4 protein chains.
Amino acid sequence: MKKCLSCAGAVSHACGVFGIFGADNAAEACYLALYALQHRGQQGAGIAVSHDQGINLVKDVGLLNDVFSNPSVFEALSDSSSGIGHVRCSVEDTPVRCEMQPFVVNHRTGQIAVSHNGRLSNLTELQNELEDAGAIFQTNIDAEAIAYIIARNMGLSGDISKAVEDTTKRLKGAFALTILTHTSVIGVRDPYGISPLCIGEMNNGAYCIASESCAFEAIGAKFLRDVEPGEIVVIDELGMHSRKVHGPGNGLCSFEYVYFARADSVIDGVNVHHARKNMGRALSKVMPVEADMVIGVPDSANPAALGYAAESGIEYGIGLCKNRYIGRAMTDSNKTIRSRNVGIKLNAMRASVAGKRIVLVDDSIVHGDTSAHIVGMLKRMGATQVHVRISSPPVVQSCPYGVDTHDRKHLISAKYDTESIKNYIHADSLAFLSVDELIESIDDSKTKSYCTGCFNGCYPERLG
Amino acid sequence: MKKCLSCAGAVSHACGVFGIFGADNAAEACYLALYALQHRGQQGAGIAVSHDQGINLVKDVGLLNDVFSNPSVFEALSDSSSGIGHVRCSVEDTPVRCEMQPFVVNHRTGQIAVSHNGRLSNLTELQNELEDAGAIFQTNIDAEAIAYIIARNMGLSGDISKAVEDTTKRLKGAFALTILTHTSVIGVRDPYGISPLCIGEMNNGAYCIASESCAFEAIGAKFLRDVEPGEIVVIDELGMHSRKVHGPGNGLCSFEYVYFARADSVIDGVNVHHARKNMGRALSKVMPVEADMVIGVPDSANPAALGYAAESGIEYGIGLCKNRYIGRAMTDSNKTIRSRNVGIKLNAMRASVAGKRIVLVDDSIVHGDTSAHIVGMLKRMGATQVHVRISSPPVVQSCPYGVDTHDRKHLISAKYDTESIKNYIHADSLAFLSVDELIESIDDSKTKSYCTGCFNGCYPERLG
Amino acid sequence: MKKCLSCAGAVSHACGVFGIFGADNAAEACYLALYALQHRGQQGAGIAVSHDQGINLVKDVGLLNDVFSNPSVFEALSDSSSGIGHVRCSVEDTPVRCEMQPFVVNHRTGQIAVSHNGRLSNLTELQNELEDAGAIFQTNIDAEAIAYIIARNMGLSGDISKAVEDTTKRLKGAFALTILTHTSVIGVRDPYGISPLCIGEMNNGAYCIASESCAFEAIGAKFLRDVEPGEIVVIDELGMHSRKVHGPGNGLCSFEYVYFARADSVIDGVNVHHARKNMGRALSKVMPVEADMVIGVPDSANPAALGYAAESGIEYGIGLCKNRYIGRAMTDSNKTIRSRNVGIKLNAMRASVAGKRIVLVDDSIVHGDTSAHIVGMLKRMGATQVHVRISSPPVVQSCPYGVDTHDRKHLISAKYDTESIKNYIHADSLAFLSVDELIESIDDSKTKSYCTGCFNGCYPERLG
Amino acid sequence: MKKCLSCAGAVSHACGVFGIFGADNAAEACYLALYALQHRGQQGAGIAVSHDQGINLVKDVGLLNDVFSNPSVFEALSDSSSGIGHVRCSVEDTPVRCEMQPFVVNHRTGQIAVSHNGRLSNLTELQNELEDAGAIFQTNIDAEAIAYIIARNMGLSGDISKAVEDTTKRLKGAFALTILTHTSVIGVRDPYGISPLCIGEMNNGAYCIASESCAFEAIGAKFLRDVEPGEIVVIDELGMHSRKVHGPGNGLCSFEYVYFARADSVIDGVNVHHARKNMGRALSKVMPVEADMVIGVPDSANPAALGYAAESGIEYGIGLCKNRYIGRAMTDSNKTIRSRNVGIKLNAMRASVAGKRIVLVDDSIVHGDTSAHIVGMLKRMGATQVHVRISSPPVVQSCPYGVDTHDRKHLISAKYDTESIKNYIHADSLAFLSVDELIESIDDSKTKSYCTGCFNGCYPERLG
């Protein structure tokens, strides 16, 4: 996935969504939960809560802590028991506040707020249709189109759960939604379950919905279950109700396990950390190599490196040191500082690697530049050999569901074979997992299927 | 060490200092170097550069990125080839801007800026003496007293290197200084070398001085050597000169290896990562235990956990997940959010630890509350046993050199024996390293001594 | 008019709009022009400029200077020759960023930005109709509905000037618009010309449109003429074209002359300062009184006071001192400070008024509290008598066009006769202008009519 | 006086000081009082209050409202009954936070905060002497030197009022001080009373001290009396005590009446508005001219214009319109906007002046450029003649007491005669008041003398 300046890690539209109904303080719960989901998006954040007078919204560009650093901003959201939140990840250069989420519409049937993770594959079609039908857009984001369709359907049926159900029938692609109305919080997952979504329960009986289960730990909630593909979960004064609308099959994005999700989350019954360790184990068999130490690119590839080490018997080590202090975005105006950005985020540890043959485990290669940079650092620090092992298959297709892999022309694996890439990054050897090996690492029960489109073009919806 | 809200890690006065002379852009170099030293202090940051008209200074409360987030602030420091910087760590509740560093004085002999890491054990005595001699203080920080003495000596001798030399003779305790004048940058390390300091060289011949060698990687400089205990290093138009004033012996703070320093730094010839791994190895022999997995408290205890695993043969695992998104300080006004702060910074991973006997390696226990919290989390997540191993001896003395261990009455090891602490934190067993084991882990050559005062009261200066 | 905390003056929806096509730097011109129009709205400000890639927008809550205080924000708008701007005045307690203007829609026919001054009397009707036709609203402001109708009509005709013309046929009430598309800037004034709008020309041939002529001085433009009621002025590469759509008559808000406009503006051929002076002259004949000094409530009532003095022969004086330093809004959290707000904005000058019989000229009385406060101050400072003279008739009706007079129940003149009000404010005598006297003061040619609805219920559109 | 960008008015070091002891909330009182004194300085502001633990200080660059816009900043100062404040005016391009006031020193005898208005004529001498005696300076401002001397004297005598008395004996030049210690607030005025200072009393018995009496109105205090030249006023638990140390005579800066002070203040028994009106009256006799209208440059010259009109019988009018919305400082990065700054701050009103012979009254001419700009505007707006009348004598000397008139070489009157200046500013005639006429306008009792150094070189201390 594209490595971005601000996190030196893969970037995608893997936003995080959350919703809660019945909380003592909905804004606090949203804040804590979004904090646990911050790894899914660092570009912007927002919280919307429901009041007697309607929906109050605070959203802005920046890390969650920055957006809510002013206590008075926080107070504007107090005294509410239901709310939804969003953290946004995007590769756009200049994020604009109005494109942050939750997205609120003021319909005569009431206000509706929407948080969305994923990407609609039929967005343009829906926008055109809505414009034909009289809608006027103010942004180009999925959430606006989704909110518009919900509001229109609400106008037709007057029943929010039916309105949402009718809406989901129109949406194609990946979507995990949390929706806030005056009387309910609703969670929706796309029919193939491409985007993850799960349900938690507080001690006081409040229910909550989140992109990943790690959000529940943060607020003291208990993980109940995943939202099923195609399921609509409505939480209101009467409790939690489920509408299973349609779900033709499973198709969770396999990249969630490879990179997006936090290691301590459990998604669709699979622990992310466990899956990553399995990927490493599998990787050790793909192209065995004699080496002195296995290291991972922190933090996401560490579990795979651990698995590789365990399986291969080669010692696991810490060879790269990551700078944790991100704070606000780097000062844009200073070119020198920006150009050294990767260098100051990650440093090779001479004492660990000098004189050693290193197996370097990473989760993916997109453009190849970051890998080349890391291999170079390790060699400058004295590594005698660097064998790169990638815990996923080569990325050869761009993603229609929001994983930001740009055009195929920027994907190094779409243009070059493994040998050429190995040379480009100056590795001594290079190996990837196959798609089958990846899927088996995630789930060897073979009862579910996963979206592996970016590796082999097989999308749940059979998109080109 | 005191665990603080903002980093869920140990807190101390382990500030970071840096200085450079001959840079293409001194402010940029300071920024990048301080970024690499940010782990030594997150409370405040500052950069002072030298201009024809004098010294320009920007400093403020906050992370480096926050202090310099406004490009115009950065521009105020442009066009200079020499400068010094500082990142500050403090446990004070309400940091005040004027106590941030570098600290600048306007003396008739010229402006002088000072950055200080450490703590003077004779500060009050010096302050009284200076007040008796006519000085008026505006803060209570060491750097102000140091700057005053330098300025006074400068007035007497007119020679900055002599002025600094005369100054160091008056200072007791721990100090690593970078000093900026109109014509030079000077590095000073206390006679026992309690605080670390080292020298780097840029490709263009510029010299730089930093608390840790990891700062050099960040700016593309090469590590030359450590500043020796008692040494004064002057960098000016003529190059780098050294004055070895007096250095009765070695006494580097052993806690630098245990916790403060970044794993990829090399201090006094010892790689920090390597030392920590050795501590883990040693620890595995102290009180062997049958277990299924060794985990470290991220990030500082991971190398020790790795060493423990390697030596014991017990599998190394990742059992705790750390939230990386610190951003600005949590919104103070919200009590609920503050109270959940530890919980959202660190999460136990059920899939890793459930059903397992865990060896939990941490670097230190100060109050015991954080350890109790972590042990509790692990057990809630299904760990059947949690054996706590600490890669340092019990902390029984407060530190006169700035490591913030508060009064002895807050140190759990000063009040209770290991068995009682084990019960307090609900561990199944608990063991520490002895002082000898710690020192051997750092350096088995036995040619140097280290300050181990907080463990056994043996301070280099033999302070009570 | 309601006296608000932030300006101690009357508050209304008398926003300011501006637009320019062909400027060297459109954002700069908008900034300078809006600065001159800041008296029309201090709650928020925004500028939208047209680029090759579309429309760039910066808007926020706050004074113009605050919104654009960060240079980088300004740079986001550079390199454009056409743009529109807006300053917003509102009495709402908690302004929200998304309700600031210009308001931008992303239609498939292109982006359109709209700035609006006035208020639609058929807004709810239009909103319902648009919702019926498929539109979804995100705010409750007029500009959103207007932009939606323009975009829809644009979709139908593909011709922006026709789209705007068709739009204006649907709008009732008061509106002065500036509209920005990729290829043009358009100015529109409602059929009765309730809201003011005029045209200027730059030396380089660029045309501009503004709420008041004072904006032209600020950018070095020359006043050309007023936009006529019902006129649409299109400025594009071909120059300036006018479409006179329909204009059944004149109905400029008479309160523009009484209070809203800046004294140096000329609106519909009438100089505001001159009109105010005439009001004062007329006022001196309504209820003559023996007095020692005439003073005005600064700044808006000073010209009327001057006219009163000239006509009556009573000396004109300065008896009230206004604090000019508004800066950002007062710190909300401090009740004491807020409660003293009026007192610190305006101070009576003892040396001027002590021992004197004072004629106090003000522009209007809405609730009566501010008048009571000022009369009280003058008496405490030694004025022996205070005769209050109001340069407009009693306000007895709320305004459907956006002048914020709240409910009739808050209008003191709607509930009480002049004698009762005199007693309430502790004045020694009190007199208002009649509607006829007001209109004659503005324009004795009797060729035009004006909206005097708030004084006598006679609205141009004959609304209730 | 130098006309500055930010206020289009004269700029000087006419800072404002305030202090209160026994208030219900000292910070609130300081805020309100400083707000009323904001005209004396817009560059920075600060408040220091006394607590059990010492002195809390908040100060920064910017308008008072900006410095205290964050409620949490304000809260840091709560719960105190005594405090002092400062608003700072300076012409320096880049104000630095640490040069803002109050200035606090941490002496072993306790903390001391100092606010200073004026300028010491022996600052360098004092600084040298203090440096010789061991002091080290951190800034170059008078308040630091003053605070140092007080602290030193405090160390000697242990009695704050004696320490202040001893201090004032060392100071030459202009100084009005408010001083805060843990147990008292002290006001000090220089021996000639060059800087103004006065005493007020609250209803609750609290005493306060301010640069101008207008501050008392703002907090509901009653003006008691001026502090006498050379007087030290100590307010503590025992009430208010006065030490009249030495006061060789009167020498209040006559420019306070001409420009600095707010019109509603009373200084040394003279009402400022009254004095200005007298200046106008006197001016009308200096060089009578036939004209149609007298106008003042708002706001400071309006009273003089009024006096001129009353005496001459020529009609008083409003011919210049001032933009009131200053907000924060103009965005520095934009040259076009800065260059048009004067134009957008002040606008000539065509309807008032067209076809008329205008008498333009202003308070002073320093460089001549602003006058030339205003005369030009008036003529472009149709004024047939513009006769400039200045309500003070030509400024021919720079000021040693802090009035910022720069070098003599920048003073147009120091280089050219009245005829040449008249031509430079394109006026039809030009006249100044003589020094005698100015003094008589202020006070015809002839019992007091005033500093008129900038007009004739006669300084109270007979400085060169």
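Residues numbered from 1 in each chain as written. Chains lettered and ligands numbered in written order. Predicted model: local features only at pLDDT ≥ 70, side-chain atom pairs only at ≥ 80, totals over all residues. Heavy atoms only, no water.

Structural notes on the overall build of chain A
To be explicit about the condition: In this text, helices come from DSSP runs of H or I with a minimum length of four residues, and strands from runs of E with a minimum of two, each type numbered from the N-terminal end. Buried residues are those whose accessible area, probed at 1.4 Å on protein chains only, stays under 20% of the maximum for their type, while exposed residues exceed 50% and partly exposed ones sit between those limits. The contact criterion used is simple: two residues touch if any of their non-hydrogen atoms lie within 4.5 Å. A 1.4 Å probe and the Shrake-Rupley method give the accessible areas. Residues count as covered only by the protein chains that appear here.
A count of helices and strands for chain A gives 18 helices and 23 strands. Per-residue burial for chain A yields a buried fraction of 64% across its 464 residues. Restricting to contacts in chain A with at least 6 residues of sequence separation, those with at least 24 account for 68%. When the accessible surface of chain A is split by element, carbon and sulfur atoms take 47% of a total near 15,200 Å².

Quick notes on the relation of the copies chain A and chain C
Note the following rule: Our superposition of the copies is a least-squares fit, built on the C-alpha atoms of residues whose pLDDT is at least 70 in both.
Mapping chain A onto chain C is achieved by rotating through 179° and translating by 0.0 Å along the same axis, at an RMSD of 0.1 Å. Taken together, the rotation and translation relating the two chain copies correspond to the operation of a two-fold axis. Of the residues that chain A buries at the interface, 100% are likewise interface residues in chain C, meaning the two copies contact each other through the same surface.

So, the pattern of salt bridges
Note the cut-off: One speaks of a salt bridge when a side-chain nitrogen belonging to Lys or Arg is within 4 Å of a carboxyl oxygen belonging to Asp or Glu.
In total, this model carries 76 salt bridges over all chains according to the counting rule given. One salt bridge in this structure joins E231 of chain B and R225 of chain B, with 2.7 Å as the shortest N-O distance. Exposure remark for E231 of chain B: the relative accessible area of 2% places this residue in the buried category. The partly exposed category is assigned to R225 of chain B, whose relative accessible area is 27%. Between E290 of chain C and R357 of chain C there is a salt bridge, with its nearest N and O atoms 3.6 Å apart. With a gap of 67 residues between them, E290 of chain C in the loop between α9 (272–286) and β17 (293–296) and R357 of chain C in strand β20 (residues 357–362) connect regions that are remote in the sequence. One salt-bridge network, held together by shared partners, links R40, E212 and E256 of chain A.

A closer look at the environment of V114 of chain C
All names here are of chain C. Positionally, V114 belongs in strand β6 (residues 110–117). Between the alpha carbons of V114 and A147 there is a distance of 6.2 Å; along the sequence they are 33 residues apart. Not counting residues up to four positions away in its chain, the partners in contact with V114 are I84, Q101, P102, F103, A143, I146, A147, I150, L177, T178 and I179.

Some points on the interface of chain A and chain C
Often, the extent of an interface is quoted as the loss of accessible area on bringing the components together. In plain terms, the rule: Buried area counts how much accessible surface, traced with a 1.4 Å probe, disappears from two parts once they are put together, with both parts' losses summed. Contacts described as polar in this section are N or O atom pairs within 3.5 Å, which, within protein, must combine one atom able to donate a hydrogen with one able to accept it, while residues neighboring in sequence count only if both atoms come from side chains. Just so you know the grouping, Ala, Val, Leu, Ile, Met, Phe, Trp, Tyr, Cys and Pro go in nonpolar, Asp, Glu, Lys and Arg go in charged, and all remaining residues, Gly too, go in polar.
Listed by partner, the interface residues are 24 residues for chain A and 24 residues for chain C. Taken over both partners, the interface formed by chain A and chain C buries close to 1,900 Å², and the fraction arising from carbon and sulfur atoms is 40%. On the chain A side of the contact with chain C, R108, I136 and Q138 of chain A bury the most area, a combined 37% of that side's loss. Across the salt bridge formed by R108 of chain A and E131 of chain C, the nearest N and O atoms sit 2.9 Å from each other. Inspection of the chain A/chain C interface yields 15 residue pairs in polar contact (both at pLDDT 80 or more). For the side of chain A that touches chain C, the secondary structure elements donating two or more residues are β3 (54–61), β5 (103–107), α4 (123–132) and α5 (142–157) of chain A. In terms of residue count, the dominant contributor to the side of chain A that touches chain C is β5 of chain A (five residues). The residue inventory of the side of chain A that touches chain C, partitioned by class, reads nine nonpolar, seven polar and eight charged.

Some details on the packing of aromatic side chains
For the record, the criterion: Two rings from Phe, Tyr or Trp (for Trp, the six-membered ring) form a pair when their centres sit within 6.5 Å of each other. Planes less than 30 degrees apart are called stacked, planes more than 60 degrees apart edge-to-face, and all others tilted.
Applying the stated criterion across every chain yields a total of 30 aromatic pairs over all chains. The interplanar angle of 20° and the centroid separation of 5.0 Å between the aromatic rings of F137 of chain B and Y148 of chain B together place this pair among those described as stacked. Residue F137 of chain B is found in the loop between α4 (123–132) and α5 (142–157), and its partner Y148 of chain B is found in helix α5; the two are separated by 11 residues along the sequence. According to the relative accessible area criterion, F137 of chain B is buried, its value standing at 2%. Centre to centre, the rings of F255 of chain D and F455 of chain D are 5.7 Å apart; their planes meet at 25°, and the pair counts as stacked. Taken together, the residues F255 of chain D in helix α8 (residues 255–260) and F455 of chain D in helix α18 (residues 453–456) connect sequence positions 200 residues apart. The exposure classification of F255 of chain D matches that of F455 of chain D, with both residues buried. By way of ring pairs, the aromatic residues F255, Y259, F260 and F455 of chain A are connected into one cluster.

Here's the deal with unusual backbone geometry
In most cases, non-glycine residues show a negative phi, while peptide bonds are predominantly trans. Residues and elements named next belong to chain B. Cis geometry is adopted by the peptide bond preceding D299, which originates at P298 and carries an omega value of -10°. Residue D268 is not a glycine yet carries a positive backbone phi of 50°. Positionally, D268 belongs in the loop between β17 (266–267) and β18 (270–271). D268 sits in the buried class, given a relative accessible area of 12%.

Describing the sheet that holds strand β1 (residues 16–21) of chain D
Residues and elements named next belong to chain D. Inclusion rule: The pairing criterion for strands is at least two bridges between them, as found by DSSP. Angular values range over 0 to 180 degrees, each being the angle between N-to-C directions of two axes fitted as lines to C-alpha atoms, with helices fitted over their stretch in contact.
Strand order in the open sheet formed by seven strands is β3-β2-β4-β1-β10-β9-β11, with antiparallel pairing between adjacent strands. The open sheet has two free edges, formed respectively by β3 (54–61) and β11 (222–226), since each of these has just one partner strand. In this sheet, adjacent strand axes meet at a mean angle of 15° when their direction is disregarded. Across six bridges, strand β2 (residues 44–51) lies against strand β4 (residues 82–88) in antiparallel orientation. Among the inter-strand pairings, G44 is bridged to a residue of β4, identified as R88.

Regarding the side chain of H273 of chain B
By the secondary structure assignment, H273 of chain B is in helix α9 (residues 272–286). Here S352 of chain A takes part through its side chain, which lies 3.0 Å from a polar atom of the side chain of H273 of chain B.

Focus: the side chain of N271 of chain B
Mapped onto the secondary structure, N271 of chain B falls in strand β18. A distance of 3.0 Å separates a polar atom in the side chain of N271 of chain B from the backbone nitrogen of H273 of chain B. Looking at N271 of chain B, its side chain comes within polar contact range of the main-chain nitrogen of H274 of chain B, at 2.7 Å. Those residues in contact with N271 of chain B, other than ones at most four positions away along the chain, are A351 of chain A together with A263, S265 and V266 of chain B.

Remarks on the pairing of strand β2 (residues 44–51) of chain A
Within a regular strand, the side chains alternate between the two sheet faces. Residues and elements named next belong to chain A. Taking burial as the measure, the eight residues of β2 include eight buried ones, the bulk of the element. Here β2 shows a buried face lined by G44, G46, A48 and S50 and a second buried face lined by A45, I47, V49 and H51. Joining the antiparallel neighbours β2 and β3 is a turn of two residues.

Notes on the sheet that holds β20 of chain C
All names here are of chain C. Strand order in the open sheet formed by four strands is β17-β20-β21-β22, and the pairing between neighbours is parallel. Edge positions in the open sheet fall to β17 and β22 (429–432), since each of these has one partner strand only. The average undirected angle you get between the axes of adjacent strands in this sheet is 20°. Both β20 and strand β21 (residues 385–390) contribute to a ladder of six bridges, which runs parallel. By the bridge assignment for β21, V361 is matched with R389. Against the sheet, α9 makes contact with β20, β21 and β22, and its axis sits at roughly 130° relative to β22, the strand it touches most. Each of β17, β20 and β21 is contacted by helix α10 (residues 302–312), which is oriented at about 160° to β17, the strand it contacts most.

Description of the packing of helix α9 (residues 272–286) of chain D against helix α10 (residues 302–312) of chain D
Residues and elements named next belong to chain D. As a reminder, the rule being used: Here is the rule for angles: anything less than 35 degrees is roughly parallel, anything more than 145 is roughly antiparallel, 65 through 115 is roughly perpendicular, and the remaining ranges are oblique. The sense of a crossing depends on the near helix, which, turned anticlockwise from the far helix by less than a right angle, makes the crossing left-handed and, turned clockwise, makes it right-handed.
At a minimum axis separation of 6 Å, α9 and α10 run at an interaxial angle of 45°. Accordingly, the angle class assigned to the pair α9 and α10 is oblique. Along this stretch, α9 crosses α10, giving a crossing that reads as right-handed. Of the residues in α10, those in contact with H273, R276, K277, G280, R281, L283, S284 and K285 of α9 are P303, A304, L306, G307, Y308, A310, E311 and S312. Of the residues assigned to the contact of α9 with α10, the class counts are six nonpolar, five polar and five charged.

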